[in-house]
Amino acid sequence: MKKTVIFVAAFIVLLFGSSCLAFQPAVIGGIRDGVALGLMLDSGISNSVSLRMGFEANTSNTPGIVFVGGKWFLSNISSRFPMSLSGGLVGYLGNNAQAGPYISVIFEHFLDVTPLFLEFGIDVVKSGRLQFQAGYYF
């Protein structure tokens with residue numbers, strides 16, 4: 001067990017370390033089956049597609065949440081606020097470790113603040129779980 005944890009930790013460090021300059025970090029927090037706060041990384045693959053991954057600490061029975069997925073640009077709302085669709089896999093870590101898909105809608109430049117975004121959707125992990133978060137790119 002100890003070797004597995006060390007291997008997984010080393011893999012994550014290598015993955016993030018090798019491409020950390022390509023990712024745009026963001027602090028993200030809100031409601032995700034409890035109050036959640038964490039770090040997200042977003043990397044643009046093309047003009048309208050991005051790769052997203054992150055980790056959040058949570059106040060529910062599952063103290064950690066890991067997610068990886070994509071973000072696809074949909075349209076601009078009133079020509080100022082980009083709206084995107086995000087989807088991928090989410091894992092709830094802890095004694096009741098569970099994983100499943102998620103889907104959400106992201107509104108960037110929320111409240112006319114360029115690095116601020118609002119995200120809401122659903123995690124389908126054993127049952128539907130609400131996802132309502134705000135984030136700030138830095």
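Coordinates for the structure precede this section.
Computed from a prediction, not measured in an experiment: that's the story for all the values here.

A. Quick peek at the overall build of the chain. Counting secondary structure elements, the chain contains 1 helix and 8 strands. Put simply, the chain runs from its N terminus to its C terminus through helices and strands in the order α-β-β-β-β-β-β-β-β. Buried positions account for 38% of the 138 residues belonging to the chain. Taking the contacts inside the chain whose residues are at least 6 apart along the sequence as the reference set, 39% of them involve residues at least 24 apart.

B. Region of interest: the sheet that holds strand S3 (residues 49-58). Around the barrel, 8 strands lie side by side as S1-S2-S3-S4-S5-S6-S7-S8; this closed barrel has antiparallel pairing. Averaged over all pairs of adjacent strands, the angle between their axes in this sheet comes to 25°, without regard to strand direction. The pairing of strand S1 (residues 24-32) with strand S8 (residues 127-137) spans 7 bridges and is classified as antiparallel. Bridge pairing links Ile 31 to Phe 132 in S8.

C. Here's a closer look at the packing of aromatic side chains. Taken as a whole and assessed by the stated rule, the structure comprises 3 aromatic pairs. With 5.9 Å between their ring centres and 20° between their planes, Phe 107 and Phe 120 make a pair best called stacked. On the criterion of sequence distance, the pair formed by Phe 107 in strand S6 (residues 98-108) and Phe 120 in strand S7 (residues 116-125) is long-range, its members being 13 residues apart. In this structure, Arg 32 packs its charged tip against the face of Tyr 102, placed 5.5 Å from the ring centre.

Calculation rules
- Residues numbered from 1 in each chain as written.
- Predicted model: local features only at pLDDT ≥ 70, side-chain atom pairs only at ≥ 80, totals over all residues.
- Heavy atoms only, no water.
- Helix = DSSP H or I, 4+ residues; strand = E, 2+ residues; numbered from the N terminus.
- Buried < 20%, exposed > 50% of the residue type's maximum accessible area, 1.4 Å probe, protein only.
- Contact = heavy atoms within 4.5 Å.
- Pairing = 2+ DSSP bridges.
- Axes fitted to C-alpha atoms, helices over the stretch in contact; angles between N-to-C directions.
- Phe/Tyr/Trp six-rings, centres within 6.5 Å; stacked < 30°, edge-to-face > 60°.
- Lys NZ or Arg CZ within 6 Å of the ring centre and 35° of its normal.

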